[in-house]
Amino acid sequence: MLRSLLVPVLLAVSLLGCGDDDNVNPETGDPTKVTYAESLNVDLNAMTRLPSGLYIQDTFPAPDGALAEVGTRVQVRYTGYRPDGLSFDATGNGPALGFTLGTGQVIKGWDEGIVGMRVGGRRRLIIPSDLGYGATGVGSRIPPHTVLIFDTELVSVR
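Let us look at the structure shown here. Numbers given for residues are sequential positions, taken from 1 along each chain in its written order. Residue-level local features of this predicted model are given only where pLDDT is at least 70; pairs of side-chain atoms are given and counted only at 80 or more, and the full residue set underlies all totals for whole chains, interfaces and linings. Each side-chain value is derived from all of the structure's non-hydrogen atoms; neither hydrogens nor water enter the calculation.

Further remarks concern the nonpolar core. Among the buried residues, those of types Ala, Val, Leu, Ile, Met, Phe, Trp, Tyr and Cys that are joined through side-chain atoms within 4.5 Å form a nonpolar core. We call a residue buried when its accessible area falls under 20% of the maximum for its residue type, exposed when it is over 50%, and partly exposed in between, using a 1.4 Å probe and counting protein chains only. Core analysis: the biggest nonpolar cluster contains 26 residues, and Phe99, Trp110, Ile114, Ile127 and Phe150 have the highest contact counts within it. Put simply, DSSP H or I for four residues or longer makes a helix, DSSP E for two residues or longer makes a strand, and each gets a number counted from the N terminus. No other element matches strand 7 (residues 148–157), which puts four residues into this core. Core analysis: the second largest hydrophobic core is formed by eleven residues, Val34, Tyr36, Tyr55 and Ile149 among them.

The following block contains the structure:
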């Protein structure tokens, strides 16, 4: 079954219940204004900030794998976190998320942040809220203006 980061219904099952929303959604959704849980080991100074405000860090570069480029079909495994350390969604042992890169099938932070990865590589994305779910949020577990943290692994490129 194809999972999509744009379809809140698929997240709803993992989003049941309310967590403590303190410090997860500063009004600006700016990654530099968020307090991150120690368990996430976020160091924005060690990451690359793209012009959009997206932060990326290759945690395991794969120099020889197929390259993820706009228009290619990719499969990605991931775990998504709020800044307070709560994991709100993950592929786990299930199928990887498949989508065509750069076509708006996923949140903007993914369309931008997966570009340039190679199969087998792992990358952390720190996504400002305007490249994620913005002022709307998703259910009770991703409040409006929440910065998102994703640990991703590129599984395949076609």
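Among the structural elements, Asp84 can be located in the loop between strand 3 (73–81) and strand 4 (87–90). On the accessibility criterion, Asp84 (31% relative accessible area) is partly exposed. For the pair Asp84 and Val34, spaced 50 residues apart in sequence, the C-alpha to C-alpha distance is 9.2 Å. Separated by 3.1 Å, the side chain of Asp84 and the backbone nitrogen of Leu86 make a polar contact. In protein, a polar contact requires one atom able to donate a hydrogen and another able to accept it; more generally it is a pair of N or O atoms within 3.5 Å, and residues adjacent in sequence count only if both atoms are side-chain atoms.

This part is about the pattern of salt bridges. Side-chain pairs of opposite charge can arise where the charged atoms are in close proximity. Any Lys or Arg side-chain nitrogen located within 4 Å of an Asp or Glu carboxyl oxygen qualifies as a salt bridge. The final tally for this structure, using the stated rule, is four salt bridges. In this structure, Arg82 and Asp84 form a salt bridge, with 2.5 Å as the shortest nitrogen-oxygen distance. Arg124 is paired through a salt bridge with Asp151; the nearest N and O atoms lie 2.7 Å apart. Of the two residues, Arg124 is situated in strand 6 (residues 122–127) and Asp151 in strand 7; the sequence distance between them amounts to 27 residues. Classification of Asp151 by relative accessible area gives partly exposed; the value is 26%.

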